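# Geometric and topological summary
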Amino acid sequence: MKQTITVKNQEHFGIARKIVSNMTSESWETIPHAVVTYNPEVTGLLKVLEEINANSSKETKISINTVMLRIIVEGLKACPVMNSHIEFNRRLVRGNIKTIEEINISMPMILNTGEMMTINMHDMHKKSMSQMRDAIFEASRRANASDMNEVMFEVSLDNTLKGLKQGKIIQALNRLVGSKTGKHKVKTLKGKAKRDYYSIPEEKRLTKHDIEQGTITVSNLGSICRDWDGDCTMLEIIPPQVCAIGIGAIQRVAVVNDDDSITSGRRLPLTIAFDHRALDMGDIAPFINKLNTIFRNPQIIKEWV
């Protein structure tokens with residue numbers, strides 16, 4: 001007997017969900033994911049951060065998110081192959097890995113509307129923690145002043161045109177039909193509203209440059225659910241990137257000291273997903289070793305402010 005169900009609500013995908021769905025589908029269809037978790041004890045790090053922020057205003061404080069981004073950047077400098085893009089032709093069994101000098105972090109953030117937007121934080125390898133803090137604040141400000149449909153459509157159109165140049169004609173036509181026809185048509189600004197929006201200076205809104213593909217993705221999952229007592233066990237890698245890193249929520253833990261005494265501590269779970277076509281566990285060991293050095297000697301972060 002067929003079960004009867006009542007649909008409470010039906011909402012067609014907007015352009016942001018279309019892009020996310022397309023990219024994550026490609027990720028799981030094409031990338032053999034390997035995932036490891038890393039759970040550093042961060043009590044010492046938090047104490048040093050408290051010292052750094054002791055005389056800071058709310059606007060100038062360095063957040064744990066900013067500290068972790070800088071620590072991850074230091075890890076990538078020690079393990080540059082994680083900051084790479086891959087090309088692979090399975091039919092011909094040919095591929096290459098391009099290690100990229102710039103560290104451009106694709107960083108998801110939640111907007112005032114509740115929407116999720118991934119921003120490309122460019123040149124993070126050149127920035128101090130204060131500069132990272134300011135760059136993140138500025139990106140958030142511009143994102144909240146932007147029309148997400150317009151920005152995402154710019155990126156989608158750009159990707160479609162690139163696909164046409166690469167001979168992906170069927171894919172391009174399918175995307176155009178999917179975004180411009182029927183109930184699933186993407187709604188973008190028209191007429192005066194569009195002219196007014198694009199008259200806003202680019203330094204006050206996002207452009208496709210701000211949300212183009214970065215060299216690696218870092219997601220602060222702990223900022224979304226601060227009371228989360230667990231670990232992320234899987235992350236999608238967005239091609240052609242070869243790595244994605246998730247930062248969890250700080251958790252209270254029992255710490256066994258060198259003298260076997262037990263004290264209260266804090267741990268900060270990290271999840272590292274990597275493309276097994278490009279990397280093996282041994283390839284990311286320098287990254288973990290670098291992070292171990294930093295967490296065991298947290299005073300070093302004072303040099304990064």
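Structure shown above.
A brief structural summary. (Residues numbered from 1 in each chain as written. Predicted model: local features only at pLDDT ≥ 70, side-chain atom pairs only at ≥ 80, totals over all residues. Heavy atoms only, no water.)

## Overview of the sheet that holds strand β10 (residues 270-275)
For clarity, the cut-off: In this analysis, strands are considered paired if DSSP registers two or more bridges between them. Helix numbers and strand numbers start at the N terminus; a helix is a DSSP run of H or I with at least 4 residues, a strand a run of E with at least 2. Angles here are taken between N-to-C directions and fall from 0 to 180 degrees, while the axes themselves are lines fitted to C-alpha atoms, restricted in helices to the stretch in contact.
Strand order in the open sheet formed by six strands is β1-β10-β7-β6-β4-β5, with mixed pairing between adjacent strands. Looking at strand neighbours, the two that pair on one side only are β1 (33-38) and β5 (116-121), the edges of this open sheet. Averaged over all pairs of adjacent strands, the angle between their axes in this sheet comes to 20 degrees, without regard to strand direction. Two elements, strand β4 (residues 105-110) and β5, share six bridges in a ladder whose sense is antiparallel. From the neighbouring strand, I105 faces β5, where its bridge partner is M121.

## Thoughts on a nonpolar patch on the surface
Note the threshold: Patches were defined on residues exceeding 30% relative accessible area and lacking a salt bridge, with like-charge contacts within 9 Å and nonpolar side-chain contacts (Val, Leu, Ile, Met, Phe, Trp, Tyr) within 5 Å. Shrake-Rupley sampling with a 1.4 Å probe provides the accessible areas, and residues are treated as covered by the protein chains on show and by no other component. Any carboxyl oxygen of Asp or Glu that lies within 4 Å of a side-chain nitrogen of Lys or Arg is treated as forming a salt bridge with it.
A surface patch of nonpolar side chains, about 280 Å² in accessible area, is lined by I110, M116 and I224. Following the sequence through the fold, I110 ends up in strand β4.

## Let's talk about the packing of helix α3 (residues 64-78) against helix α4 (residues 129-144)
The condition is simple: Roughly parallel means an angle under 35 degrees; roughly antiparallel, over 145; roughly perpendicular, 65 to 115; everything else is oblique. Helix crossings get a hand from a simple test, with the near helix turned counterclockwise from the far one by less than a right angle marking a left-handed crossing and a clockwise turn marking a right-handed one. Residue contacts are defined here by distance: any two heavy atoms, one from each residue, within 4.5 Å place the two residues in contact. In this classification, the charged set is Asp, Glu, Lys and Arg, the nonpolar set is Ala, Val, Leu, Ile, Met, Phe, Trp, Tyr, Cys and Pro, and all remaining amino acids, among them Gly, are polar.
Orientation of α3 relative to α4, taken along the N-to-C sense of each, is 120 degrees, at an axis distance of 9 Å. Overall, the two elements α3 and α4 adopt an arrangement that is oblique. Crossing handedness for the pair α3 and α4: right-handed. Where α3 abuts α4, its residues N65, T66, V67, L69, R70 and V73 lie against M129, M132, R133 and I136. When its residues are assigned to classes, the contact of α3 with α4 shows six nonpolar, two polar and two charged.

## Some thoughts on the packing of α3 against helix α9 (residues 281-296)
Where α3 meets α9, the axes come as close as 8 Å, and the angle between the chain directions of the two elements is 135 degrees. When the axes of α3 and α9 are compared, the pair comes out oblique. Where α3 crosses over α9, the two elements pack in a sense that is right-handed. Note on element contacts: α9 touches α3 through P286, F287, K290, L291, I294 and F295, opposite M68, I71, I72, E74, G75, L76 and A78. Classifying every residue of the contact of α3 with α9 by side-chain character gives 10 nonpolar, one polar and two charged.

## Overview of the packing of aromatic side chains
Threshold: Ring pairs are drawn from Phe, Tyr and Trp, using the six-membered ring of Trp, whenever the two centres fall within 6.5 Å, and their geometry is named by plane angle: stacked under 30 degrees, edge-to-face over 60, tilted for the rest. Relative accessibility thresholds used throughout: buried, under 20% of the residue-type maximum; exposed, over 50%; partly exposed, between the two (1.4 Å probe, protein chains only). Our definition puts a charge over a ring when NZ of Lys or CZ of Arg is within 6 Å of the ring centre and also within 35 degrees of the ring normal.
Summed over all chains, the structure comprises two aromatic pairs. On the numbers, 6.3 Å between centres and 45 degrees between planes, the contact of Y38 with F295 is tilted. Taken together, the residues Y38 in strand β1 and F295 in helix α9 connect sequence positions 257 residues apart. There is no split in this pair, since Y38 and F295 are both buried. Over the ring of Y197 we find R205, and its NZ or CZ is 5.3 Å from the ring centre.

## Considerations on α4
Note the cut-off: Every helix has an expected span of 1.5 Å times one less than the residues it contains.
Over its 16 residues, α4 extends 23 Å from the first C-alpha to the last, a length consistent with the 22 Å expected when each residue adds 1.5 Å. Those residues of α4 not exposed but buried are M129, S130, M132, R133, A135, I136, A139, R142 and A143.

## Overview of the nonpolar core
Rules: Note on terminology: a nonpolar core comprises buried Ala, Val, Leu, Ile, Met, Phe, Trp, Tyr and Cys residues joined through side-chain atoms within 4.5 Å.
Among the nonpolar cores identified, the biggest contains 65 residues, and I71, M82, I105, I119 and F287 are the most heavily contacted of them. At seven residues, the largest contribution of residues to this core is made by α3. Ignoring anything within four residues of it in the chain, the contact list for I105 reads L69, V73, I119, N120, M121, M124, I216 and V218. By size, the runner-up hydrophobic cluster in this structure holds six residues, among which are L235, I237, A244 and A273.

## Some details on helix α2 (residues 43-52)
As a reminder, the rule being used: The arc under discussion is defined with respect to the helix axis, by the directions toward the C-beta atoms.
Residues of α2 that are buried include every one of L45, V48, L49 and I52, and no others. One side of α2 carries all its buried residues, which in axial view fall inside an arc of 100 degrees. When the buried face of α2 is taken as reference, the exposed residues oriented beyond 90 degrees from it are K47 and E50. For α2, the elements touching its buried residues are α3, α4 and α9.

## Considering the side chain of D275
Heads up, the condition is: Pairs of N or O atoms within 3.5 Å make up the polar contacts considered here, provided that, within protein, one atom can donate a hydrogen while the other can accept it, and that residues adjacent in sequence are counted only when both atoms are side-chain atoms.
Positionally, D275 belongs in strand β10. Look at D275 and you get buried, because its relative accessible area is 0%. Of the polar contacts made by the side chain of D275, one reaches the side chain of R277; its length is 2.7 Å. Look past the residues within four positions of D275 in its chain and what remains in contact with it is I31, P32, I86, I237 and V242.

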